Amino acid sequence: MSEKNPITAKTKVLCLIGYPIEHSMSPIMHNAALKELNLDFIYLTFSINPKRLNLAVKGIKAFNILGFNVTMPFKQTIMKYLDEIEPFAKKIASVNTVKNNKGYLIGRNTDGVAAMKALSDVGYKIAGKNVLILGAGGASRAITYIIAQNANKIVIVNRTEKKAIKLANELKKNFCIQIEGKRYSNKVVKNEIGESNLLINATSIGLYPNIQSTPISQEHLHKDLFVYDLIYNPLETRLLKEAREAGCNVLGGLDMLVNQGALAFEWWTGKIPNKHLMKTQIIHHIE
Ligand code: ATR
């Protein structure tokens, strides 16, 4: 904190809980935005041993931490400690943002909205598109539930086939579009990618430090494909680099991260943060 924004006995606390947490960019973007708006808050991170999550939640209430983000591996396990879970978060069984209303904890999921806003901000329209999504974990669940509102077709491929099939079956109950869940294989990707318009990587393949990994062989990428990788570190994954070289339009995960941060910030403080500042701070830090 600078001299202009000293921490005082009145400073309010926000935080992120996860395990591990050391690589998080959230404090960088939140503290920059808080400082710019002269808000007397500080955003911290806490690495919580998964066996002590219950104690962490008690601590959050006792210390009157006004809001917190939740990351791996707590997006599901946090739910049993909350007093209220918003319907969308309940549906996808994942919470990434919590507001503490005088000891009453409300859980929300903004991952899907944040990801789709990033896509619409670059002018991409999902309506009528065929989407191939890699992964069937929390991020995939959050996004597919939103995409299914107006895509033409969604194919979910995942290393663990039963998770892909389970997610596809859930979506089919809620939406009247073509939805399939399949086991990930080179053959399946090759068969599906030809008629896909949008490829989304919702796996952790390619995430720092494994930056040489990529979920798709470059030969399958074609120039009519828009490639969206939810990973933001590195800013350009190997998948995105190869897609760009193949003539595809591409988008990385940084805007999704900033969007979910901004949505949390606004919910907790009632103020709209400077997303451009949040983004440039992260880029500066990663680079
Ligand atoms: P997130 O909340 O980021 O979605 P997650 O719920 O743990 O995290 O999901 C991670 C996704 O990446 C899963 O789809 C996972 O596949 P499994 O369901 O088979 O575990 C996928 N994933 C992670 N590492 C992978 C790897 N090396 N190969 C293939 N898929 C991988």
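Our structure is the block above this text.
A brief structural summary. (Residues numbered from 1 in each chain as written. Predicted model: local features only at pLDDT ≥ 70, side-chain atom pairs only at ≥ 80, totals over all residues. Heavy atoms only, no water.)

1. Observations regarding the overall build of the chain
1) Next: Helices and strands together make up the secondary structure of the chain, namely ten helices and twelve strands.
2) Next: Its C-alpha atoms give the chain a radius of gyration of 19 Å, near enough to 19 Å, the size a compact globule of 287 residues would have.
3) Next: C-alpha extents for the chain along the principal axes are approximately 60 × 40 × 30 Å.
4) Next: Carbon together with sulfur atoms contributes 53% to the accessible area of the chain, which is approximately 14,100 Å² in total.
5) Next: Charge separation in the chain, taken as the distance between the mean sites of 37 positive and 23 negative side-chain charges, equals 7 Å. (Helix = DSSP H or I, 4+ residues; strand = E, 2+ residues; numbered from the N terminus. Rg over C-alpha atoms; globule rule 2.2 N^0.38 Å. Areas by Shrake-Rupley, 256 points an atom, 1.4 Å probe, with all protein chains shown as cover. Lys, Arg positive; Asp, Glu negative; His and termini not counted. Charge placed at Lys NZ, Arg CZ, Asp CG, Glu CD.)

2. Considering the site of the ligand
1) Next: Taken together, 14 residues are adjacent to the ligand, and Ala139, Asn158, Arg159, Thr160 and Lys163 come closest.
2) Next: The separation between an oxygen atom of the ligand and a polar main-chain atom of Gly138 is 2.9 Å.
3) Next: Within the side chain of Arg159, one N or O atom sits 2.9 Å away from an oxygen atom of the ligand.
4) Next: For the ligand, whose unbound accessible area comes to 640 Å², protein coverage reaches 69%.
5) Next: Residues that form the shell around the ligand fall into these classes: five nonpolar, seven polar and two charged. (Near = heavy atom within 4 Å. Polar contact = N/O pair within 3.5 Å; in protein donor to acceptor, adjacent residues only side chain to side chain. Nonpolar A, V, L, I, M, F, W, Y, C, P; charged D, E, K, R; others polar.)

3. Some points on the nonpolar core
Among soluble globular proteins, nonpolar side chains are generally buried collectively.
1) Next: Counting residues in hydrophobic clusters, the biggest one holds 35 residues, and the most contacted among them are Leu119, Ile147, Ile154, Ile156, Leu198, Ile200 and Tyr228.
2) Next: Where this core is concerned, the elements lending two or more residues are helix H4 (111-121), strand E7 (130-134), helix H5 (138-147), strand E8 (153-158), helix H6 (161-174), strand E10 (198-201) and strand E11 (226-229).
3) Next: Apart from residues no more than four positions distant in its own chain, Ile200 is found in contact with Val131, Leu132, Ile133, Leu134, Ile143, Ile147, Tyr228 and Leu230. (Core = buried A, V, L, I, M, F, W, Y, C linked by side-chain atoms within 4.5 Å. Buried < 20%, exposed > 50% of the residue type's maximum accessible area, 1.4 Å probe, protein only. Contact = heavy atoms within 4.5 Å.)

4. A closer look at the pairing of E7
1) Next: Most of E7 sits out of view: five of its five residues are buried.
2) Next: Relative to E8, E7 runs parallel, the two sharing five bridges. Looking across to E8, one finds that Leu134 is bridged to Val157.
3) Next: For the crossover that starts at E7, traverses H5 and ends in the parallel E8, the hand is right-handed.
4) Next: Sheet topology places E7 next to E10; four bridges connect them, and they run parallel. Bridged to Ile133 within E10 is Ile200. (Pairing = 2+ DSSP bridges. Right-handed = clockwise from strand over helix to strand, strands pointing away.)

5. A closer look at helix H2 (residues 53-62)
1) Next: Restricting attention to buried positions, one finds in H2 the residues Leu53, Ala56, Val57, Gly59 and Ile60. Summarising the axial view, the buried residues of H2 lie within an arc of 160°, below the 170-degree limit, and thus occupy one face. Opposite the packed face of H2, turned more than 90 degrees from it, sit the exposed residues Lys58 and Ala62.
2) Next: As for H2, its buried residues are in contact with strand E1 (12-18), strand E3 (67-70), strand E5 (97-101) and strand E6 (104-108).
3) Next: Phi turns positive, to about 55°, at Asn64, one or two residues after H2. (Arc of directions from axis to C-beta.)

6. Re the pattern of salt bridges
Where charged atoms from two side chains of opposite charge approach closely, those side chains can pair.
1) Next: According to the stated counting rule, one finds 16 salt bridges in the structure shown.
2) Next: In this structure, Arg141 and Glu170 form a salt bridge, with 2.8 Å as the shortest nitrogen-oxygen distance. Note that Arg141 is positioned in helix H5 and Glu170 in helix H6, a separation of 29 residues in sequence. For the pair formed by Arg141 and Glu170, the shared burial category is buried. (Salt bridge = Lys/Arg side-chain N within 4 Å of Asp/Glu carboxyl O.)

7. Digging into the packing of H4 against H5
What describes two packed helices is the angle between their axes and the distance between those same axes.
1) Next: Contact pair H4 / H5: the axes reach a minimum separation of 8 Å and the direction vectors enclose 65°. Crossing of H4 against H5: the hand is right-handed. Along its contact with H4, which presents Asp111, Gly112, Val113, Ala115 and Met116, the element H5 presents Ala142, Ile143, Ile146 and Ile147.
2) Next: Taken together, the residues of the contact of H4 with H5 sort by class into seven nonpolar, one polar and one charged. (Axes fitted to C-alpha atoms, helices over the stretch in contact; angles between N-to-C directions. Left-handed = near helix turned anticlockwise from the far one by under 90°.)

8. Structural notes on the sheet that holds E3
1) Next: If you trace the six strands from one edge of the open sheet to the other, you get E2-E1-E3-E5-E6-E4, paired in mixed fashion. One side of each edge strand has no neighbouring strand; the edge strands of this open sheet are strand E2 (41-47) and strand E4 (84-85).
2) Next: By the bridge criterion, two bridges tie E4 to E6 in an arrangement that is parallel. Pairing of Glu84 across the sheet is with Ile106, part of E6.
3) Next: Sitting on the sheet, helix H1 (residues 26-36) touches E1, E2 and E3, and the angle it makes with E2 is about 170°.
4) Next: Packed onto the sheet, helix H9 (residues 254-269) meets E1, E2, E3, E5 and E6 and runs at close to 5° relative to E5.

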